[in-house]
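Observations on the three-dimensional arrangement
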Amino acid sequence: MTFGLFLEWAVKSLIVILGMTIGFAYVTLFERRVLARFQVRIGPNRAGKGGILQPVADALKLIFKEDLIPDKADKLIFVLAPVLTVIPALIITGVVPWGPPITLFGKQFTLSVTDINVGALYILTVTSISIYGITLAGWSSNNKYATLGGLRATAQMISYELALGLSFIGPILLAGSMSLTEIVHAQKSVWFIVYQPLGAIIYMISTIAEINRSPFDMPEAEQELTAGYHVEYSGMKFALFFMAEYIKMIAICMIGATLFLGGFQGPFLDQQPWLGPIYLLLKVVVLLFGLVWIRATLPRIRYDRLMAFGWKILFPLALLNIMVTALVMILVGG
Amino acid sequence: MREIQEFSLDDLRHLVSPRALTGETMVLNMGPQHPSTHGVLRLIVELDGEIVVNCIPDVGYLHTGIEKNMEGKTYQKAEVMTDRIDYMYTMGNNLVYCLAVEKLTGLKSPPRADAIRVILAELSRIQSHLLWIGTSALDLAAMSVFLYAMREREMIMDVFELVSGQRMMTTFIRPGGLWRDVPSEFEAAVREIVRVFPKRIAEYEALLTKNPLFLDRTRGIGKIDTMTCKAWDVTGPTLRATGLAHDVRKANPYCGFEQYDFDIPTQTTGDVYARYLVRVEEMRQSVRIVEQALNKLPYGSVRDNNRKYVPPPRSEIGMSMEALIHHFKLWTEGFSPPVGSVYATVESPRGEMGVFLESDGSPKPYRVHYRTPSVPLLQVLPILSKGHYVADLVGIIGSIDIVLGDTDR
């Protein structure tokens, strides 16, 4: 490994991590503003022009809050849990390409941190790890609400992992590769959502459940569990959970766009490769808007119904989707 | 080492099942500070996993002593306290108290005052139902409905402010009529509500009534039948959702409710969804009543002319010695109704609200007792919630629409 390559990786990782953190800050603002519009409110618009500094203000507030650890909590795990939640969220998008290779200073760069040949598998693995953070947070808080939240999270994520994994298989079959770069290239002419409408829907539903977004936000159900697994967290530790949730929102939108909406593909990409990241960003924003829209509209589904939905509807549908896809591919492709 | 006070299960031995004492089920303390107990209600919930085995409401965290306080005040001044009982139906609290005082003293409220009372009481019902639809949808995490409901509620609050200068604690309805006549802008403001509101109800319904997730959360949840309702003295939408069309406005009309044409919506299933449908339809019927009352709003005085009980208008005080004396006597000593006891009822958004007044002939009531609908509703909560999920418990509390100020007087 040369020093240059190492530097390249370091810079790219830094870009991803910074991008994700800044993205997180502005997704919160985006969500609050969009949600406010849905709900005939105005939303935060005082800090900076049009509320542009609101995330900074929020972060400052959270940093200066007292950091409480309950007396009877398991201290080590209590401190570790937010970290365990945030790190997978940050590294999840490492394999997602942002654009076609570009030439800079006479050298060609690929626009992704790394392009491993089992990228899809990597994503599934990392999302699974992030469950631990939430479960441990719920368990170590020594609070009944938090425990219930943590248990719900575990059950929910395990049942949705399967459907999520199966929804990945459609694009993988179509592209013939697990590398996300290959999947994006395979969508040059037609986006996979055209071939895989069901797969795309299953992907969106199961990822929303996976990241505990409304209407599947059971583990943090404000109304019944007050705040679920993070009820005992305050200050920066709470902010980390919050951050993980929003970064995961961006991540699943990025992955969704990559798998089903052609990733960075778009018109005039061959002439202007720098358009790639912009296309990806646009698609992510559209998907994020969809997530906020869902939150503004739907009530929360009940815990047992959610499990039943995952196992009895989503899972068989995903299996069926794969079977049909595989069958059609054999019949058509030969 | 700091001492941590242990919560002992032995304290609850007579309340929870034996399984809780062995640790097989979990005893969860919900409230008094909890986002969805609608005020300061404490619930001791025994959970088997996520299923409610037992639910014990613990009231008294909002005890205000209003009834006792009223006994220390003259009849007129005591009325100010009534606003604070069911703080979602303030006009109705005033109304039922005034009806009781009128029964006791033989005062008669003029037709114009009656019509305005009907309009204001029905607007109060709508605003209470609006808050209910907002919060109970919010309990199921459908958050937008709450803000839409608040938008319409503001219009009604503006009308209250217009007539009385106060948004909630109005004390506008007085024994013998009203505090004063409504301003000229009143009619236009109410007409605007009547015009806009049916469309807005359709908006809420579009978000909820046929939403499969909402149906899933409400149908078959928190069931109760008519017999249980009767046994526990449950009234209002909860009773009507079981199929019994009992409404004080029809059964025992007051303020001329018999002149208006309206239906009593009923459902038969008695679950959360039935209560939802009943309340939504009630809002429509209330709009109908308001419209009719507005159309035939008579002209004339808004107060009884009996100066022994009703203070003279401000304009008379400067002109007439008697008026000044009456005013002075009424606001210092108060009036002394004849000895006796009366009971008057109105239909509150939660059910039958009654007030019992006992007079010993002095200017202060000897005993005031409010029969409030929230108490029986809270008493059936354990029956409603048994065997349901903890998430549905929150929905059930929302659906019976309790007001804690109403429970603890």
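1. A closer look at the sheet that holds strand 2 (residues 42-48) of chain B
Read from one edge of the open sheet, three strands run 1-2-3 (chain B), paired in antiparallel fashion. Because the sheet does not close on itself, it has two edges, and the strands there are strand 1 (26-30) and strand 3 (51-58) of chain B. Strand after strand, the sheet turns through a mean of 20° between neighbouring axes, direction not considered. The pairing of strand 2 of chain B with strand 3 of chain B spans seven bridges and is antiparallel. In the sheet register, B:E46 faces strand 3 of chain B, and the bridge partner there is B:N54. Sheet strands touched by helix 5 (residues 144-175) of chain A: strand 1 and strand 2 of chain B. Its angle to strand 1 of chain B, the strand with the most contacts, is close to 115°. On top of the sheet, helix 17 (residues 390-400) of chain B reaches strand 1, strand 2 and strand 3 of chain B; it is set at about 150° to strand 2 of chain B, its chief contact.

2. Remarks on the interface of chain A and chain B
Every contact between the two is made by 27 residues of chain A and, on the other side, 37 residues of chain B. Buried surface at the junction of chain A and chain B, summed over both partners, amounts to about 2,900 Å²; 58% is from carbon and sulfur atoms. Summed over the shared surface of chain A and chain B, the result is two salt bridges. Of the charged contacts, one joins A:R305 and B:D216 as a salt bridge, the two residues approaching to 2.9 Å between their closest N and O atoms. Counting across the chain A and chain B interface gives nine residue pairs in polar contact (both at pLDDT 80 or more). Of all elements in the fold, only helix 1 (3-38), helix 5, helix 9 (222-225), helix 11 (275-297) and helix 12 (303-333) of chain A reach the threshold of two or more residues within the side of chain A that touches chain B. A breakdown of the residues in the side of chain A that touches chain B according to their chemical character gives 11 nonpolar, four polar and 12 charged.

3. Brief notes about the pattern of salt bridges
All names here are of chain B. If you walk through the whole model with that rule in mind, you get 36 salt bridges over all chains. One salt bridge connects E102 with R117, and the closest N-O pair in it is separated by 2.6 Å. Taken together, the residues E102 in helix 4 (residues 90-105) and R117 in helix 5 (residues 111-139) connect sequence positions 15 residues apart. A single burial state applies to E102 and to R117, both of which are buried.

4. Regarding helix 3 (residues 75-91) of chain A
An α-helical turn contains 3.6 residues, so any two residues separated by three or four positions project in the same direction. Residue and element names in this part refer to chain A. For helix 3, with 17 residues, the first-to-last C-alpha span of 26 Å sits near the 24 Å given by 1.5 Å per residue. Along its length, helix 3 shows its largest kink, about 25°, at A81, and proline P82 lies within four residues downstream of that point. Among the residues making up helix 3, those that are buried are F78, A81, P82, T85, V86, P88, A89 and L90. Buried residues in helix 3 make contact with helix 1, helix 4 (119-140) and helix 10 (235-260).

5. Topic: the packing of aromatic side chains
Two aromatic rings are characterised by how far apart their centres lie and by the angle between their planes. Using the criterion set out here, one finds 21 aromatic pairs over all chains in the structure. Judged by centre distance (5.7 Å) and plane angle (50°), the rings of A:Y203 and A:F260 are tilted. Of this pair, A:Y203 sits in helix 8 (residues 197-210) while A:F260 sits in helix 10, placing them 57 residues apart in sequence. Like A:Y203, the residue A:F260 is buried in the burial classification. Judged by centre distance (6.1 Å) and plane angle (40°), the ring pair of B:W132 and B:Y276 falls under tilted. One end of the pair, B:W132, is in helix 5; the other, B:Y276, is in helix 12 (residues 272-295), and 144 residues separate them in sequence. There is no split in this pair, since B:W132 and B:Y276 are both buried. Its guanidinium or amino end placed over the ring of B:F257, B:R249 lies 5.9 Å from that ring's centre, counting from NZ or CZ. The side chain of B:R279 reaches across the aromatic face of B:W132, ending 5.0 Å from its centre.

6. A word on the domain arrangement of chain B
Looking at the assigned domains, one finds that chain B contains domain 1 (4-58) and domain 2 (66-304 + 335-372). For domain 1 of chain B versus domain 2 of chain B, the distance between C-alpha centres works out to 33 Å.

7. Things to note about helix 12 of chain A
Residue and element names in this part refer to chain A. Compared with an ideal rise of 1.5 Å per residue, which puts 31 residues at 45 Å, helix 12 spans 42 Å between its outermost C-alpha atoms and is within 8% of the ideal. At F309, helix 12 shows its strongest bend, of approximately 35°. For helix 12, every residue scored as buried is listed here: Y303, L306, M307, G310, L314, A318, N321, I322 and T325. Buried positions along helix 12 lie against helix 5 and helix 8.

8. With respect to the sheet that holds strand 6 (residues 340-348) of chain B
Strands in a sheet are paired, the pairing made by backbone hydrogen bonds, and the direction either parallel or antiparallel. All names here are of chain B. Read from one edge to the other, the open sheet built from three strands follows the order 6-7-8, with strand pairing classed as antiparallel. Strand pairing shows two members of the sheet lacking a second neighbour, strand 6 and strand 8 (367-371), which therefore form its edges. Across this sheet, the average inter-strand angle for adjacent strands is 15°, counted without regard to direction.

9. Concerning unusual backbone geometry
With the exception of glycine, most residues fall at negative phi, and the peptide bonds are largely trans. Residue and element names in this part refer to chain B. Not every positive phi belongs to a glycine, and T171 is a case in point at roughly 45°. With respect to the helices and strands, the residue T171 is situated in the loop between helix 6 (143-164) and strand 4 (173-174). Not every positive phi belongs to a glycine, and D233 is a case in point at roughly 70°. Topologically, D233 is positioned in the loop between helix 9 (226-232) and helix 10 (237-240).

10. As for the side chain of B:R307
Following the sequence through the fold, B:R307 ends up in the loop between helix 12 and helix 13 (314-317). Within polar-contact distance, the side chain of B:R307 engages the side chain of B:E316 at 3.3 Å.

11. Points about the nonpolar core
Of all hydrophobic cores here, the largest spans 84 residues; its most connected members are B:L123 and B:I133. Counting residues per element, this core draws most heavily on helix 5 of chain B, which supplies 13 residues. Filtering out sequence-adjacent residues up to four positions away, B:L123 remains in contact with B:I156, B:V159, B:F160, B:V190, B:I193 and B:V290. Of all hydrophobic cores here, the second largest spans 60 residues; its members include A:V113, A:A244, A:L288 and B:L213.

12. Quick look at the side chain of B:T372
Checked against the element boundaries, B:T372 lands in the loop between strand 8 and helix 15 (374-379). Excluding anything up to four places from it in sequence, B:T372 contacts B:I85, B:E352, B:M353, B:D406 and B:R409.

13. A word on the environment of A:N143
All names here are of chain A. Within the fold, N143 resides in the loop between helix 4 and helix 5. For N143, a relative accessible area of 13% corresponds to the buried category. Sequence spacing of N143 and Y229 is 86 residues, and the spatial spacing of their C-alpha atoms is 8.7 Å. For N143, the residues in contact, after removing those within four places along its chain, are G138, V231 and E232.

14. Regarding a nonpolar patch on the surface
Residue and element names in this part refer to chain A. Together, I52, L53, V56, L60, I63, F64 and M236 line one region of the surface with nonpolar side chains, adding up to about 680 Å² of accessible area. No other element matches helix 2 (residues 54-63), which puts three residues into the nonpolar patch. By the element assignment, I63 lies in helix 2.

15. With respect to the packing of helix 5 of chain B against helix 12 of chain B
All names here are of chain B. With their axes 9 Å apart at the nearest point, helix 5 and helix 12 run at an angle of 155° to one another. On the basis of their axis angle, the class for helix 5 and helix 12 is roughly antiparallel. By crossing handedness, the relation of helix 5 to helix 12 is classed as left-handed. Facing A115, V118, I119, E122, L123, R125, I126, H129, L130, W132 and I133 of helix 5, the residues of helix 12 in contact are R275, Y276, R279, V280, E282, M283, S286, V287, I289, V290, A293 and L294. Of the residues that constitute the contact of helix 5 with helix 12, the class distribution is 16 nonpolar, two polar and five charged.

Reading the values: rules and limits
Residues numbered from 1 in each chain as written. Chains lettered and ligands numbered in written order. Predicted model: local features only at pLDDT ≥ 70, side-chain atom pairs only at ≥ 80, totals over all residues. Heavy atoms only, no water. Pairing = 2+ DSSP bridges. Helix = DSSP H or I, 4+ residues; strand = E, 2+ residues; numbered from the N terminus. Axes fitted to C-alpha atoms, helices over the stretch in contact; angles between N-to-C directions. Contact = heavy atoms within 4.5 Å. Buried area = accessible area lost by both parts, 1.4 Å probe. Salt bridge = Lys/Arg side-chain N within 4 Å of Asp/Glu carboxyl O. Polar contact = N/O pair within 3.5 Å; in protein donor to acceptor, adjacent residues only side chain to side chain. Nonpolar A, V, L, I, M, F, W, Y, C, P; charged D, E, K, R; others polar. Buried < 20%, exposed > 50% of the residue type's maximum accessible area, 1.4 Å probe, protein only. Expected span 1.5 Å × (residues − 1). Bend = angle between axes of the 7 residues up to and from the residue. Phe/Tyr/Trp six-rings, centres within 6.5 Å; stacked < 30°, edge-to-face > 60°. Lys NZ or Arg CZ within 6 Å of the ring centre and 35° of its normal. Domains from an automatic or database assignment. Core = buried A, V, L, I, M, F, W, Y, C linked by side-chain atoms within 4.5 Å. Patch = residues over 30% accessible without salt bridge, like charges linked within 9 Å, V, L, I, M, F, W, Y side chains within 5 Å. Areas by Shrake-Rupley, 256 points an atom, 1.4 Å probe, with all protein chains shown as cover. Parallel < 35°, antiparallel > 145°, perpendicular 65-115°, else oblique. Left-handed = near helix turned anticlockwise from the far one by under 90°.

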